Structures are given as structure tokens and as C-alpha cells.
Amino acid sequence: MKKRLTRRARAMIRRSLTYFPELQGKSITVGYTRAHLGSAVLSYRRESEPRLVIRLKVRKLTYQTIGHELTHLVQGLGRGHGNRDSPFGWQSIPSGEKQCDIWTLARDPLFCDDTPTYLRLPRAMREHWQDYAEEVRKLSIAAIKKRENLRLYIRWFEGEVRKLAKVGRRKPAPEQLVLPFPDWE
Ligand SMILES: [Zn+2]
């Protein structure tokens, strides 16, 4: 069952890759999957570069999904391979699904077009993701900084996200921004 990537998927992947300097110059095999989530695999062969494979569900493909799988490749490459090309001064990306979500959100707003899968987010936030995406991305960047001296940085992140959801949706309607006029009478 060999199916070609759609032109749209190909363009989305190419665009995503411009945000992954760590993967520059490496060849990545992209396949389809019917499974609910995508997957990423590095297969190591002796004496040669690991083979990088990602599988994506193409129906309703999002940058979030592509970014998540590419981040897995960077996670894999980081282990024992040195990762000096990483942007933002990231030494390496710790392994794990939640970690993968946090580092994907932080990388670029492009990858915030849909909710991350593994992080615990309040339902209201999942339902109105676009209203929160920018703030949640800021929290993901803050969490990565926190990690330097806070072991439970993911718990910190999820706590902050809960607070954010309690405050309510961002982006108030313009009318709400109008300051009350003093009464001159
Ligand atoms: Zn994953």
C-alpha cells in the first residue's frame, strides 16, 4: 500500500524543516500511517548515519503533528550524538512525550496550530485552543528555562496552564479594551 505524499503535506513538511536546523542535510523518510498518532523512528546501522523515518496521518495534517515527530528525531539524535546545531541554545531535548510536546510548542508559533497531544490541558483550553496558543507557547519557553534548576518543570508548566485556563480566554473583544470615559458634566 504505497501512497504518495500529497503536495500539501510535502509543502508543510518542507516548511517545518526550515525550523529544524538540527536536521539539516539529513535525509528523512516520510510515510503515512492510519494510526491515530504519527510516529518517528531512528534505526541505527553500523558505520553509517541512522535512518530517520517519520510516519504521519495525512488526514487533517497539522504543523503540530509534523513538529512533534521531527522533535522526536532530534530527541533521538541528541543521545550520544552531540547536538551543537540546536537553536535557542538547547543542549539536547530530553526524551519523553510531554517533553516532546513542550519543545515543539517552544520552537515556533508555526507548530502551535493545534493542541499538543500529551500535555495535560484543561478541556476549555482544548476547545478554544487558538485563544490560548500564544500564552501556552510562552509558558513552554519558560518551562524550558525553569528546567535548568527545577526538576518538576513539566508539573510547573501544567500548573501554570491550569491557572491560565481559570483566568479565562485571552483576546478580549475590542470593545472590552475601550477605557471608560470620565464624565465631564
Ligand atoms: Zn510522540
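Figured I'd write up the structure that's included with this text. (Residues numbered from 1 in each chain as written. Predicted model: local features only at pLDDT ≥ 70, side-chain atom pairs only at ≥ 80, totals over all residues. Heavy atoms only, no water.)

1. Re the packing of aromatic side chains
Applying the stated criterion to the full structure yields three aromatic pairs. Aromatic side chains Trp 103 and Tyr 153 sit 6.0 Å apart centroid to centroid with 90° between the ring planes, which places their arrangement in the edge-to-face category. With a gap of 50 residues between them, Trp 103 in helix α3 (residues 97-107) and Tyr 153 in helix α6 (residues 153-167) connect regions that are remote in the sequence. For the pair shown, Trp 103 and Tyr 153 are each scored as buried. Through pairs of rings, three or more aromatic residues link up here, namely Tyr 19, Phe 20 and Phe 111. The ring of Phe 20 has Arg 107 lying over it, and the distance from NZ or CZ to the ring centre is 3.8 Å. (Phe/Tyr/Trp six-rings, centres within 6.5 Å; stacked < 30°, edge-to-face > 60°. Helix = DSSP H or I, 4+ residues; strand = E, 2+ residues; numbered from the N terminus. Buried < 20%, exposed > 50% of the residue type's maximum accessible area, 1.4 Å probe, protein only. Lys NZ or Arg CZ within 6 Å of the ring centre and 35° of its normal.)

2. As for unusual backbone geometry
Even without glycine at this site, Lys 60 takes up a positive phi of about 55°. In this fold, Lys 60 is placed in the loop between β3 (51-56) and α2 (63-81).

3. Examining the coordination of the zinc ion
Note on the zinc ion: its protein donors are His 68 (NE2), His 72 (NE2), Glu 97 (OE) and Glu 97 (OE). The metal-donor distances range over 2.1 to 2.7 Å. Here the zinc ion is ringed by four donor atoms whose angles at the metal span 53 to 140°, and the overall shape comes out irregular. Motif for the zinc ion, donor spacing along one chain: H-x3-H-x24-E. Separated by 29 residues along the polypeptide, His 68 in helix α2 and Glu 97 in helix α3 bring together distant segments of the chain. (Donors = N, O, S within 2.8 Å, 3.2 Å for Na, K, Ca; no water. Tetrahedral: all angles 85-135°; square planar, octahedral: opposite > 155°, others 65-115°.)

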